[in-house]
Amino acid sequence: MMMLTGCRRYRLSTILSLVLCHSAAWASDPTNNLFTFSCLPLTTQRSDPIVTPGKPSSHTHVVVGGTAFQRLMTRETAKNAHDTTCEVAIDRSNYWIPQLYHQTRDEFEIIEFENSAIYYFNRACNYSPNATSCDGTKYPLAPPPGLRVVAGDLFLRTYNETSFAQRAISHMCIKEDGTSSETKHLPRQSCLKLRSQVFFPSCWDGKALDSPDHQRHMAYPAIGDYNQGVCPETHPVAVYSIFVEFFFNTEPFPDHENWVYAMGDPTGYGLHGDFLNGWTDQYALQSAMATCTGAEGLNAPECSITDNQTRALVPIVQPLDAPLPSEELGQHESLSKLPGNNPITGSRELQ
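Per an unreviewed UniProt entry, the recorded name for the protein chain is DUF1996 domain-containing protein, and the organism is Aspergillus bertholletiae.

What follows is the structure in structure tokens.
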């Protein structure tokens, strides 16, 4: 593993501190700025250990990643998962977004979630007075152990172009001819696949692993755009930029005007995503931007997070370490209402 140099220490809490190490040598090639891997579905359940710990969530989520996912998770729970549905074996993190449903006149049926792609980018840089762009000489900090991040707002039903947080949420309609088109709202056309996309904030306050609203400890860059740029003074520490793509099989449901997210959102503006850090080797993760972003990617012999090995991308037969909550969410039969009894709010006509 590459040695970490140029260290600076930030205080996270009275019991946790993390060495942030940046090396100019690591960032010598700014074109090598990402690594990516795929994940299969882990579970579909009405759970959200960040927003509603220990209780049922208000709506259904689809989840990928570590098998320890459950309604109540401590900082160590994810890290100690027995397995993961992602290609990278040491990533026991969880990533989740709301389930997509198809609405008929009287019923709701689940739209199959197929898989996801996870991206880690070198896009943001630490706050520096008078900085107007990132100079590419340093890598951001890997997400610190136990970090929890929420992007998006489940209650949004309109769109504000000036908001970085809203611009970070989007949808990709993938058509039968292989072409695709991106929109912030749910597509207004039939799609072979729908790709629901969330770009998480890349700037951290350097102190809290979570916050009361689960968002204020993180921010999008102050200079640049939602997906790149200089961090604000209030959130001076740049972390790896995480982008997730969740693929839904919408081919059986060409009536796109009847797609609705689990929280009762027919517009798509309320799409949101959650990330709970469960990487088991923080130093391997910190080294990944330097060792896993070249032409060979995760297959590079020096790649710190795979050590030339990736987990076979096959379903896990018994995926969860914890019992699955008992509730019919539409996997086996149509429902008369969305799980959690969420009414449809917002108008597709106003998209």
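(A) Quick look at the overall build of the protein chain. Across its full length, the protein chain holds two helices and 22 strands. In the protein chain, which comprises 351 residues, the proportion classed as buried is 55%. Long-range contacts, defined as pairs at least 24 residues apart, comprise 73% of the intrachain contacts of the protein chain with a sequence gap of at least 6. About 15,100 Å² of surface is accessible on the protein chain, with carbon and sulfur atoms providing 51% of the total.

(B) View of the pairing of strand 14 (residues 193–199). Among the seven residues that make up strand 14, six are buried, leaving the element largely enclosed by the rest of the structure. Alignment of strand 14 against strand 20 (residues 241–249), held across seven bridges, turns out to be antiparallel. Looking across to strand 20, one finds that Arg195 is bridged to Phe247.

(C) Region of the structure containing the side chain of Ser170. Relative to the assigned elements, Ser170 resides in strand 12 (residues 169–174). Residue classification places Ser170 among the buried positions, given a relative accessible area of 4%. Among the polar contacts listed, one links the side chain of Ser170 to the side chain of Glu182, at a separation of 3.0 Å. Among the polar contacts listed, one links the side chain of Ser170 to the side chain of Gln197, at a separation of 2.7 Å. Ignoring sequence-local partners within four residues, the contact set of Ser170 consists of Glu182, Thr183, Lys184, Arg195, Ser196, Gln197 and Leu271.

(D) Seen up close, the sheet that holds strand 5 (residues 56–65). Judged by pairing direction, the sheet is antiparallel, and its five strands sit side by side in the order 4-5-6-22-11 without closing on themselves. Strands with a single pairing partner mark the edges of an open sheet, and in this sheet they are strand 4 (41–47) and strand 11 (148–152). Each strand axis lies, on average, 20° off the axis of its neighbour in the sheet, ignoring direction. The sheet contact formed by strand 11 and strand 22 (residues 272–276) spans five bridges and is antiparallel. Note on strand 22: the bridge partner recorded for Val150 is Asp274.

(E) Here's a closer look at empty space enclosed by the protein. Within this structure, the stated rule accounts for four cavities of 30 Å³ or more. Estimates place the volume of the largest cavity at around 50 Å³. The wall of the largest cavity is formed by Arg75, Glu76, Lys79, Pro145, Gly146, Asn277, Gly278 and Trp279. Taken together, the residues of the lining of the largest cavity break down into two nonpolar, three polar and three charged.

(F) A look at the side chain of Thr60. Take Thr60: it is sitting in strand 5. Within the structure, Thr60 has its side chain in polar contact with the side chain of Tyr101 (distance 3.3 Å). When neighbours within four sequence positions are excluded, Thr60 is seen to be in contact with Thr44, Gln45, Arg46, Ile97, Pro98, Gln99, Tyr101, Ala262, Leu329 and Pro339.

(G) Structural detail: the sheet that holds strand 17 (residues 223–225). In space, the three strands of this open sheet follow the order 10-18-17, with mixed pairing throughout. Looking at strand neighbours, the two that pair on one side only are strand 10 (124–125) and strand 17, the edges of this open sheet. Examined bridge by bridge, strand 10 and strand 18 (residues 228–230) share two bridges and lie parallel to one another. Opposite Cys125, over in strand 18, you have Val230 as the bridge partner.

About the cut-offs
Residues numbered from 1 in each chain as written. Predicted model: local features only at pLDDT ≥ 70, side-chain atom pairs only at ≥ 80, totals over all residues. Heavy atoms only, no water. Helix = DSSP H or I, 4+ residues; strand = E, 2+ residues; numbered from the N terminus. Buried < 20%, exposed > 50% of the residue type's maximum accessible area, 1.4 Å probe, protein only. Contact = heavy atoms within 4.5 Å. Areas by Shrake-Rupley, 256 points an atom, 1.4 Å probe, with all protein chains shown as cover. Pairing = 2+ DSSP bridges. Polar contact = N/O pair within 3.5 Å; in protein donor to acceptor, adjacent residues only side chain to side chain. Axes fitted to C-alpha atoms, helices over the stretch in contact; angles between N-to-C directions. 1 Å grid on protein atoms, 1.4 Å probe; cavity = no way out; pocket = protein on both sides within 12 Å on 5 of 7 lines; lining within 4 Å. Points joined across faces, edges and corners; volume = space filled by probe spheres on them. Nonpolar A, V, L, I, M, F, W, Y, C, P; charged D, E, K, R; others polar.

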